[in-house]
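Summary of the model geometry
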Amino acid sequence: MKYCFGIDIGGTTVKIGLFSASSEMLARWEIPTRKDSSPDGLLRDVKTALEGCLTERGISRTDVLGVGITAPGPVTEDGILHGTVNIGWGDVALGKEAEKILQLGTVRIGNDARVAALGEYAYGAGKGSKSMLMITLGTGVGGGVIQDGHILTGFHGVAGEIGHMTVDPYETLPCSCGKKGCLEQYASATGMVRVAKKFLADRAGETLLQQCEITAKTLWDCAKAGDCAANEITDFVCHRLGIALANAAYLVDTELFVIGGGVSAAGDFLLKKIERVYRANVFPHSRDKKFTLAKLGNDAGIQGAAALLLKP
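Here we summarise the structure given alongside this text. All of these numbers come straight from a predicted model, not from anything done at the bench.

Observations concerning unusual backbone geometry
The backbone of Ser 23 shows a phi angle near 80°, a positive value even though the residue is not glycine. In this structure, Ser 23 sits in the loop between β2 (13-20) and β3 (25-32). Of note, the phi angle at Asp 148 is positive, near 50°, even though the residue is not glycine. Position of Asp 148 relative to the elements: it lies in the loop between β9 (141-147) and β10 (150-151).

Below is the structure:
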């Protein structure tokens, strides 16, 4: 029997999955993310974790096909990672470093959001489709485009980075990337809180939002409960999202859109708000595009990392 590992490097933890060659996840665990100026220490932590798993299960190193790895930054097709905001690495040949340190067969590297999209395409919400665009609404806004089973990477590794599409050229506050007016400034969980607080500071009248700590979850809960202010705020946020997806449709006319990340817990209520704006701002023959929620949750990254090796 052959195996592979899927590794999802996050700012707090590194998620690890052991998979069979038939894509079955056999084990899943996490280790802390070591934050050094280079990835060597973290990769050695991963090596220790993988070797411990192999020993515990009596698996020979020769039966491991390889390791798929996601990283939170732009990754080119030759495995070069161009910096990470939340870990502190600069440009690094992560693929070559991982192969040298792990010594477990083939190593394939991808951006975390793009690889999570591949996971959803192969095993989750996009299974059976030919192409999809996934957008993740969490602490930031990530994205990934999958066409015929392949990640659209781009020359510099930033294809699919929809969170940094400019949706308001008149914004005065900077995004974490240094630009102004990025979708992430409005549609991420943190962005939604910023928008809500600004909205409430400029608005009179009672709202359920005055009775709770404002988070992305409480904002959407209040909107679902029929609160007028919360619905105005979420309508504003979804207008930004719908416009961004309509613009994306002209560049990558995928079969469906998949919405993931923590904010996607708002479910169909969220989807319908985005769909209304999208359908009002796109060519008529593109209005019937399917919208759906992601299915794999926090495992999308490790499953996508495994798919880098297991899917043709």
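On we go from here.
A word on the layout of surface pockets
Empty space among the atoms becomes apparent when a probe as large as a water molecule is rolled across them. Estimates place the volume of the largest pocket at around 1,400 Å³. Surrounding the largest pocket, 44 residues form its lining, Pro 72, Asp 112, Thr 136, Gly 140 and Gly 142 being those nearest its centre. In the lining of the largest pocket, the residues fall into 14 nonpolar, 22 polar and eight charged. When its volume is computed, the second largest pocket comes out at roughly 500 Å³. Broken down by secondary-structure element, the contributors of at least two residues to the lining of the second largest pocket are α2 (94-102), β7 (106-111), α3 (112-123), β10 and α9 (300-310). The element that contributes the greatest number of residues to the lining of the second largest pocket is β7, accounting for five residues. Along the lines of polarity and charge, the residues of the lining of the second largest pocket split into eight nonpolar, nine polar and seven charged.

Digging into the side chain of Asp 299
In this structure, Asp 299 sits in the loop between β12 (290-293) and α9. With relative accessibility at 18%, the residue Asp 299 sits in the buried group. In terms of polar contacts, Asp 299 uses its side chain to reach the side chain of Arg 28, at 2.4 Å. For Asp 299, the residues in contact, after removing those within four places along its chain, are Met 25 and Arg 28.

Examining the packing of α3 against α9
Packing of α3 against α9 brings their axes to within 7 Å, and their N-to-C directions diverge by 75°. Considered as vectors, α3 and α9 are oriented roughly perpendicular to each other. Between α3 and α9, the contacting residues are Val 115, Ala 116, Leu 118, Gly 119, Glu 120, Ala 122 and Tyr 123 on the first element and Ala 300, Gly 301, Gln 303, Gly 304, Ala 305, Ala 307, Leu 308 and Leu 310 on the second. Residues that form the contact of α3 with α9 fall into these classes: ten nonpolar, four polar and one charged.

Parameters and conventions
Residues numbered from 1 in each chain as written. Predicted model: local features only at pLDDT ≥ 70, side-chain atom pairs only at ≥ 80, totals over all residues. Heavy atoms only, no water. Helix = DSSP H or I, 4+ residues; strand = E, 2+ residues; numbered from the N terminus. 1 Å grid on protein atoms, 1.4 Å probe; cavity = no way out; pocket = protein on both sides within 12 Å on 5 of 7 lines; lining within 4 Å. Points joined across faces, edges and corners; volume = space filled by probe spheres on them. Nonpolar A, V, L, I, M, F, W, Y, C, P; charged D, E, K, R; others polar. Buried < 20%, exposed > 50% of the residue type's maximum accessible area, 1.4 Å probe, protein only. Polar contact = N/O pair within 3.5 Å; in protein donor to acceptor, adjacent residues only side chain to side chain. Contact = heavy atoms within 4.5 Å. Axes fitted to C-alpha atoms, helices over the stretch in contact; angles between N-to-C directions. Parallel < 35°, antiparallel > 145°, perpendicular 65-115°, else oblique.

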